[in-house]
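Breakdown of the fold
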Amino acid sequence: MVLAMHAGFAFLELGTVRQKNQVNALVKILVDFSVSTVVYFFVGYTVAYGVGFMVGAETLAERNGYELVKFFFLLTFAAAIPAIISGGIAERSRFGPQLIATAVLVGVAYPLLEGAVWGNRFGLQAAIESIAGAPFHDFAGSLVVHAFGGWVALAAVLLLGPRANRYRKDGGISAHPPSSIPFLALGAWVLTVGWFGFNVMSAQTLENVSGLVAVNSLLAMAGGTLAATLLGRNDPGFVHNGPLAGLVAVCAGSDVMHPAGALVVGAVAGALFVGLFTLTQNRWRIDDVLGVWPLHGLCGAWGSLAAGVFGQTALGGRGGVSFGAQLLGTAAGVLWALLAGFAVYGVLRATIGLRLDREQEFQGADLSIHRIGATPEREVSW
């Protein structure tokens, strides 16, 4: 189910970008996933959990290959990082440099955060618990996956700069409406359905699977959708990103909140996405094509903090969480994401460059990089 979410990322981006960049959206997600698979298998998983796979197949098959299944599951999380970033830097980024960034982020930067939060490595959780009285809680990755990816994407978008002629010298803004609402909606639905694997199976064993996580995810999805529909004035782009905002936010506390609390968390996330997407695009002139910083970065950080509020027993939660711990963990994760994003993309920009040239960008990434469009207008006659 989580592997299928990468098809959702692909079609969400395909439907949002202009037609001349649709092929590039599809190719990036698939190749980024393949690069992520290789580097996470050989490097990233070991960095995060201290477990390596360069042993005999007989050893790998022990316990029915459970460690390999766990690797596969967590790989689909790790590969979400470049998939998130891809949507922010769409339409003007070069293909090769992004693959290099993917390898570094999935091989080193992301596993360091993952290992610190989920692997209890590197002393982060012990430090937070000594200060706040409880460890940082992120059941399914509001911070570890989504906020990390969203804040790295913000750094990449800022270093890359806006698309050509997006913000004109006379103060005008060139609108680039989605190329295909049906494909955008398809991507959103595939992501939404897959998310129930993302959240529910974060238990990682069948005996720990909880219906509470499933229903909290469902209520947050509904809350995000309804808030985005209302505040986005029925705009289909906002409507179909609303459930994603709610699901991003509920990941962290989906195992400790009451469903009513999850509904509120999701609704706030849907409102946050609509408001901040509009601000970033129109007021702050940050050309984040799919709005991945508001959607993943901000909604992920909100969800991480919200787990420390709505997880409290006073609000119907299961307890065992501390807002102070959530605040410290969220701040540490966001800071690390920004440092990693500016370091990786800053070095790439200074050395080999990040952007297509003006002519390539005008022609579109499909023809410039892949030499074929999504819907060729004519066939070659022999």
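1. So, the overall build of the chain
When you go through the chain residue by residue, the secondary structure sums to 16 helices and 0 strands. For the C-alpha atoms alone, the extent of the chain along its principal axes is close to 65 × 55 × 40 Å. Taken across its 382 residues, the chain has 54% of its residues classed as buried. In the chain, 77% of the contacts between residues at least 6 apart in sequence involve partners at least 24 apart. Accessible surface for the chain amounts to roughly 15900 Å². Of this, 66% is attributable to carbon and sulfur atoms. In the chain, 21 positive and 21 negative side-chain charges are present, and the distance between their average locations comes to 10 Å.

2. Details of the packing of helix 10 (residues 211-231) against helix 11 (residues 236-250)
Where helix 10 contacts helix 11, the two axes come as close as 7 Å, and the packing angle between them is 140 degrees. The orientation of helix 10 relative to helix 11 falls into the category oblique. Remark: the crossing between helix 10 and helix 11 carries right-handed chirality. Together, Asn216, Ser217, Ala220, Met221, Gly224, Thr225, Ala228 and Thr229 of helix 10 and Phe238, Val239, Gly242, Pro243, Gly246, Leu247 and Val250 of helix 11 make up the contact between the two elements. Considered class by class, the residues forming the contact of helix 10 with helix 11 number 8 nonpolar, 7 polar and no charged.

3. Structural notes on the packing of helix 10 against helix 12 (residues 259-283)
The N-to-C vectors of helix 10 and helix 12 enclose an angle of 35 degrees; their axes lie 6 Å apart at closest approach. Note that helix 10 runs across helix 12; the crossing there is right-handed. Note on element contacts: helix 12 touches helix 10 through Pro259, Ala262, Leu263, Gly266, Ala267, Gly270, Ala271 and Val274, opposite Leu212, Val215, Asn216, Leu219, Ala220, Gly223, Gly224, Ala227, Ala228 and Leu231. The residue makeup of the contact of helix 10 with helix 12, split by class, is 13 nonpolar, 5 polar and no charged.

4. Structural notes on the pattern of salt bridges
Scanning all chains against the criterion turns up 7 salt bridges. One salt bridge connects Asp287 with Arg163, and the closest N-O pair in it is separated by 2.8 Å. Within this pair, whereas Asp287 is found in the loop between helix 12 and helix 13 (292-310), its partner Arg163 is found in the loop between helix 8 (142-160) and helix 9 (181-200), the two being separated by 124 residues in sequence. Note that Arg168 is salt-bridged to Asp170, the shortest N-O span being 3.6 Å. Given a relative accessible area of 32%, Arg168 falls into the partly exposed group.

5. Regarding helix 4 (residues 66-78)
Look at helix 4: 18 Å from first C-alpha to last across 13 residues, which is about the 18 Å you get at 1.5 Å a residue. Buried within helix 4 we find Phe71, Phe73, Leu74, Leu75, Thr76, Phe77 and Ala78. Where the residues of helix 4 are buried, they touch helix 1 (5-16), helix 2 (22-49), helix 5 (80-88), helix 6 (95-117), helix 8 and helix 9.

6. Focus on helix 11
Relative to the 21 Å expected for 15 residues at 1.5 Å per residue, helix 11 spans 22 Å between its end C-alpha atoms, a close match to the ideal helical length. Along helix 11, the sharpest change in direction is near 30 degrees and occurs at Gly242; proline Pro243 comes one to four residues later. Counting buried positions along helix 11 yields 13 of 15 residues, so the element is predominantly enclosed. Capping the start of helix 11 is the job of one residue whose side-chain oxygen sits 2.7 Å from the backbone nitrogen of Gly237: Asp235.

7. Examining the environment of Leu276
Relative to the helices and strands, Leu276 is located in helix 12. Given the relative accessible area of 17%, Leu276 is considered buried. Residues Leu276 and Phe310 lie 34 residues apart in sequence; the distance between their C-alpha atoms is 23 Å. Beyond its immediate chain neighbours, meaning those up to four positions away, Leu276 contacts Trp284, Pro294 and Leu298.

Rules of the game
Residues numbered from 1 in each chain as written. Predicted model: local features only at pLDDT ≥ 70, side-chain atom pairs only at ≥ 80, totals over all residues. Heavy atoms only, no water. Helix = DSSP H or I, 4+ residues; strand = E, 2+ residues; numbered from the N terminus. Buried < 20%, exposed > 50% of the residue type's maximum accessible area, 1.4 Å probe, protein only. Contact = heavy atoms within 4.5 Å. Areas by Shrake-Rupley, 256 points an atom, 1.4 Å probe, with all protein chains shown as cover. Lys, Arg positive; Asp, Glu negative; His and termini not counted. Charge placed at Lys NZ, Arg CZ, Asp CG, Glu CD. Axes fitted to C-alpha atoms, helices over the stretch in contact; angles between N-to-C directions. Parallel < 35°, antiparallel > 145°, perpendicular 65-115°, else oblique. Left-handed = near helix turned anticlockwise from the far one by under 90°. Nonpolar A, V, L, I, M, F, W, Y, C, P; charged D, E, K, R; others polar. Salt bridge = Lys/Arg side-chain N within 4 Å of Asp/Glu carboxyl O. Expected span 1.5 Å × (residues − 1). Bend = angle between axes of the 7 residues up to and from the residue. Polar contact = N/O pair within 3.5 Å; in protein donor to acceptor, adjacent residues only side chain to side chain.

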